[in-house]
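# Architecture and fold: a report
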Protein chains: 2
Amino acid sequence: MTEHLPGSVTALAPDEPLRFDIVARAAGSAARAGVLQTPHGALQTPVFMPVGTHATVKAVAPDDLEALGASIVLANTYHLLLRPGPELVAHFGGLHGFMRWPRPILTDSGGFQVFSLGRLREVSDDGVRFRSHLDGSEVHLTPERVMEVEALLGADIILPLDECPPYPCSPEEAAQATARTHRWAERALAARVRRDQALFGIPQGGMDAALRAESARTIGGMPFDGFSIGGLSVGEPKPLMWSMLEAAVPELPEGKPRHLLGVGSPDDLLEGIARGVDMFDCVLPTRTARTGGLYTPSGRVNIRGARFRAERGPVDATCDCYTCRTFSAGYLHHLIRAEEDDTRGELLYYRLASIHNLRFLVRLMEGAHAAILEGTFDAYRERFLAGFTPPDQAVAAEQRKRRPAGG
Amino acid sequence: MTEHLPGSVTALAPDEPLRFDIVARAAGSAARAGVLQTPHGALQTPVFMPVGTHATVKAVAPDDLEALGASIVLANTYHLLLRPGPELVAHFGGLHGFMRWPRPILTDSGGFQVFSLGRLREVSDDGVRFRSHLDGSEVHLTPERVMEVEALLGADIILPLDECPPYPCSPEEAAQATARTHRWAERALAARVRRDQALFGIPQGGMDAALRAESARTIGGMPFDGFSIGGLSVGEPKPLMWSMLEAAVPELPEGKPRHLLGVGSPDDLLEGIARGVDMFDCVLPTRTARTGGLYTPSGRVNIRGARFRAERGPVDATCDCYTCRTFSAGYLHHLIRAEEDDTRGELLYYRLASIHNLRFLVRLMEGAHAAILEGTFDAYRERFLAGFTPPDQAVAAEQRKRRPAGG
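Remember, predicted model here, so these are calculated numbers, not experimental data.

Looking now at the sheet that holds strand β1 (residues 19-25) of chain A. Residues and elements named next belong to chain A. Sheet architecture is open: three strands sit in the order β1-β2-β3, paired in antiparallel fashion. The sheet is open, and its two edges are formed by β1 and β3 (41-45), each paired on a single side. Taking each pair of neighbouring strands and ignoring which way they run, the sheet shows an average axis angle of 15°. Strand direction decides the pairing type here: strand β2 (residues 32-38) and β3, joined by five bridges, are antiparallel. Looking at the pairing, G34 lines up with T45 of β3.

Consecutive side chains of a regular strand alternate in pointing toward one face of the sheet and then the other. Residue and element names in this part refer to chain B. For strand β2 (residues 32-38), a buried count of seven out of seven residues is recorded, marking the element as mostly surrounded by other parts of the structure. Here β2 shows no split at all, with R32, G34, L36 and T38 on one side and A33, V35 and Q37 on the other all buried. Sheet topology places strand β1 (residues 19-25) next to β2; six bridges connect them, and they run antiparallel. Along β2, the bridge assignment pairs F20 with L36. Counting the residues that bridge the hairpin from β1 to β2 gives six residues.

Moving on: the relation of the copies chain A and chain B. After a rotation of 180° and a shift along the axis of 0.0 Å, chain A superposes on chain B with an RMSD of 0.0 Å. Interpreted geometrically, this transformation is the action of a two-fold axis. Looking at the rotation axis and the C-alpha trace of chain A, the residue lying nearest is L347 of chain A, at 3.8 Å. In this assembly, 100% of the residues forming the interface of chain A have copies in chain B that are likewise at the interface, indicating an isologous arrangement.

Below, the discussion takes up helix α14 (residues 347-374) of chain A. Look at α14 of chain A: 41 Å from first C-alpha to last across 28 residues, which is about the 40 Å you get at 1.5 Å a residue. Most of α14 of chain A sits inside the fold, with 23 of its 28 residues counted as buried.

This brings us to the interface of chain A and chain B. Contact with chain A, which involves 44 residues of that partner, is made by 44 residues of chain B. The contact between chain A and chain B buries some 3,900 Å² in all, and 54% of this surface belongs to carbon and sulfur atoms. Linking chain A with chain B are four salt bridges, by the criterion used here. A salt bridge links E346 of chain B to K58 of chain A; its shortest N-O distance comes to 2.6 Å. If you look at where chain A meets chain B, you find 24 residue pairs in polar contact (both at pLDDT 80 or more). Of the residues forming the side of chain A that touches chain B, the biggest block, five residues, is contributed by helix α13 (residues 329-337) of chain A. A per-class count over the side of chain A that touches chain B returns 21 nonpolar, eight polar and 15 charged.

Before going further, it helps to spend a moment on the confidence of the model for chain A. It should be kept in mind that the predicted coordinates are not to be read in detail where pLDDT is low. Taken residue by residue, chain A gives an average pLDDT of 94. The fraction at 70 or more is 94%. Complex prediction metrics read pTM 0.95 and ipTM 0.95.

Turning to the pattern of salt bridges, a few remarks are in order. Residue and element names in this part refer to chain A. Per the counting criterion, the structure on display carries 56 salt bridges over all chains. Between R129 and E138 there is a salt bridge, and its shortest N-O distance comes to 3.1 Å. You can call R129 partly exposed: its relative accessible area is 31%. Among the residues examined, E138 registers a relative accessible area of 47% and is labelled partly exposed. A salt bridge links E251 to R217; the shortest N-O distance between them is 3.3 Å. Note that E251 is positioned in the loop between α9 (238-248) and β13 (258-260) and R217 in helix α8 (residues 209-220), a separation of 34 residues in sequence. The exposure class of E251 is partly exposed, given its relative accessible area of 28%.

Residues and elements named next belong to chain A. Here strand β8 (residues 128-131) shows a clear split, with V128 and F130 buried on one side and none of R129 and R131 buried on the other. Both strand β7 (residues 119-123) and β8 contribute to a ladder of three bridges, which runs antiparallel. Bridging from a neighbouring strand, E122 pairs with R129 of β8. Where β7 folds back on β8, the antiparallel hairpin that results is connected by four residues. Here four bridges tie β8 to strand β9 (residues 138-141), and the two strands are oriented antiparallel to one another. Its bridge partner being in β9, F130 is matched across the sheet by V139. Hairpin remark: β8 followed by β9, antiparallel, with six residues in the connecting loop; positive phi at G136, about 80°.

A cis amide bond, omega 0°, links T45 of chain A with the succeeding residue P46 of chain A. As for its position among the elements, P46 of chain A is in the loop between β3 and β4 (47-50). Put simply, Y167 of chain B and P168 of chain B share a cis peptide bond, and its omega is -5°. Within the fold, P168 of chain B resides in the loop between β10 (157-158) and α7 (171-190). Here the phi dihedral of A59 of chain A falls at roughly 80°; this positive angle occurs in a residue that is not glycine. In the Ramachandran plot, S233 of chain B falls in the positive-phi region, its phi being about 60° despite a non-glycine side chain. By the secondary structure assignment, S233 of chain B is in the loop between β12 (226-229) and α9 (238-248).

About the criteria used
- Residues numbered from 1 in each chain as written.
- Chains lettered and ligands numbered in written order.
- Predicted model: local features only at pLDDT ≥ 70, side-chain atom pairs only at ≥ 80, totals over all residues.
- Heavy atoms only, no water.
- Pairing = 2+ DSSP bridges.
- Helix = DSSP H or I, 4+ residues; strand = E, 2+ residues; numbered from the N terminus.
- Axes fitted to C-alpha atoms, helices over the stretch in contact; angles between N-to-C directions.
- Buried < 20%, exposed > 50% of the residue type's maximum accessible area, 1.4 Å probe, protein only.
- Least-squares fit on C-alpha atoms with pLDDT ≥ 70 in both.
- Contact = heavy atoms within 4.5 Å.
- Expected span 1.5 Å × (residues − 1).
- Buried area = accessible area lost by both parts, 1.4 Å probe.
- Salt bridge = Lys/Arg side-chain N within 4 Å of Asp/Glu carboxyl O.
- Polar contact = N/O pair within 3.5 Å; in protein donor to acceptor, adjacent residues only side chain to side chain.
- Nonpolar A, V, L, I, M, F, W, Y, C, P; charged D, E, K, R; others polar.
- pLDDT = per-residue confidence, 0-100.

Structure (structure tokens):
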């Protein structure tokens, strides 16, 4: 795949799994704009990575992703390990061949899902034993086995097994999980299978700033190609998440890419960029779309609402996605409400809604990259946040309005 | 919309709602190849019309339909009357504007659904009173109201209210429903609202050959633009359906298009063409696709079957659809089985499967049109039927194989 690279950026060498070049830095924040090169092509950062849990970004096809400007997708090692199995994916030429997505792919390590979905977990320094949430069969994962599995899946960027402590948890639990994650990181580095895959380290640290910093320093000191910050966006309050991120980022090597796992919403992406994050992934935009929540510059709207019934214009007049260019908001409203069963709309709805929300985030990231280059990122972020009311605040405002005076 | 018309065909005049030219006839059967012109463009017959019940062909977008070669779609008046309502559809510029499908559309009359879905029906010569299957609200339909509703929906071809007798039913019931359908047909003709919509008559006749012939003669004698044969494919055995069709077709005017409502499967389309039918519609290809049944030249296969698990090739190596050109059968197998809930696969599956089955029928019809032009339709039909095992026969053969010897 050939791309136009900025003049300052050298193309990836044949034996290099990854190259990351920072092409501009923001003045008033830690934001940076970069170019990330992988064996399946280059992409601009900051970047949002749509999540394709089962080797498919729900409801959208690879050519939809291409058309909406997605440049990299994430797939879940835990789910693909259980079904259809990494050997089968390898038989189809790895994830790129299986899902027919020719551009970069990142696989997570499965650690987060083992700790949130797997049953009867038995964690030891050796690894983790759990029962599949699908059929109850026992699975044993070690840092070495995860490297083998991800080599078979064949993503461009892979992550090592980590232990993600729950929120809340005791300081002892957080310390123990973080220390074990460090030991597993060393073993993952030693067990790398393929030279054409980049390996990102996962700093943990619970909700303790000192432990966060220590973990980022420890993992950051290991020869990883980049870093995927784990254990955040797990239910903690937003200010706590940002302070944990602020504790970790300065301890990571400046020149390597930083990925914040499991974040998220449009406003959170800009907050993360301002704190030095380059890459994001989350199921939120596609999951939200499927329940009727569509992004607009003024906030998330619920397309089921009566005000869209006769709306001839698109959901978002500023949007250039296939959905907004082609269909009225009224038609989307009809589609999600058209089925007999209220839990499910017409199938076309899911694709159109997912395309819109993904395109919204891709455009937001494209705008952020351009603004960092132009030295206007702070204004870009402030302008967006001033217009965009996050769902929590919108609900709160609505509730205040409905409360009877004096009540 | 401009099309290349055969030399023998004159373009539609500005005030003409429909023009049908038969461009070739088969030698050994009643099959004919035609060109049907409407205000939204021309199409070749024989033609299969995908069904878009709620103003959407389930899981596929208008540009998917365009890409797979669909030239006309059907929408259901009954469903659109109840939700979102014909006035709202008209507000969006009619069905063409609402669903963003620029080519021809046919709306049925709602009669079939009133008699199969509506509750507490009260039929009189005036019309039919029923309760919505959605919210129980009372709806009153008359032949005149159906003309108004379909004028608002704005399809190119519309159908009058008919009474579709159930199968089985008494000779008296069939005779009464058929006679009432004739009276309603006269009223529909008198109540036409728009000159740019073609109106097709619906002959009924139950399962009585003489009544079928009489109804075809009666409706065929009225100034309709074409005919949609109703009351077949309602549960009767196939040989009975074909004998009823054979009783009706010769009584219809030779030069006008003939549509067989609610048929169906690939083999039935060819059998219908051989008996002089030009147009078909059915939910079968898309509904079958959603449950895992995909058409191939040798019959319908169940993509859930273990034999597809590691299949790198497409579902149908002879198919040129987007799905078969892009994805392996193994990937489709994975998608339909990938969700936790066995009643539902990954959303992408539904689109890919529906595209394939629709393209299969479109190609079959394109081949039939070409074969009639070349004078080889009989051989075309025999070759297809010799290779294609209908599901019923495939199941029977499988059961015979499994029966222990001597058992």
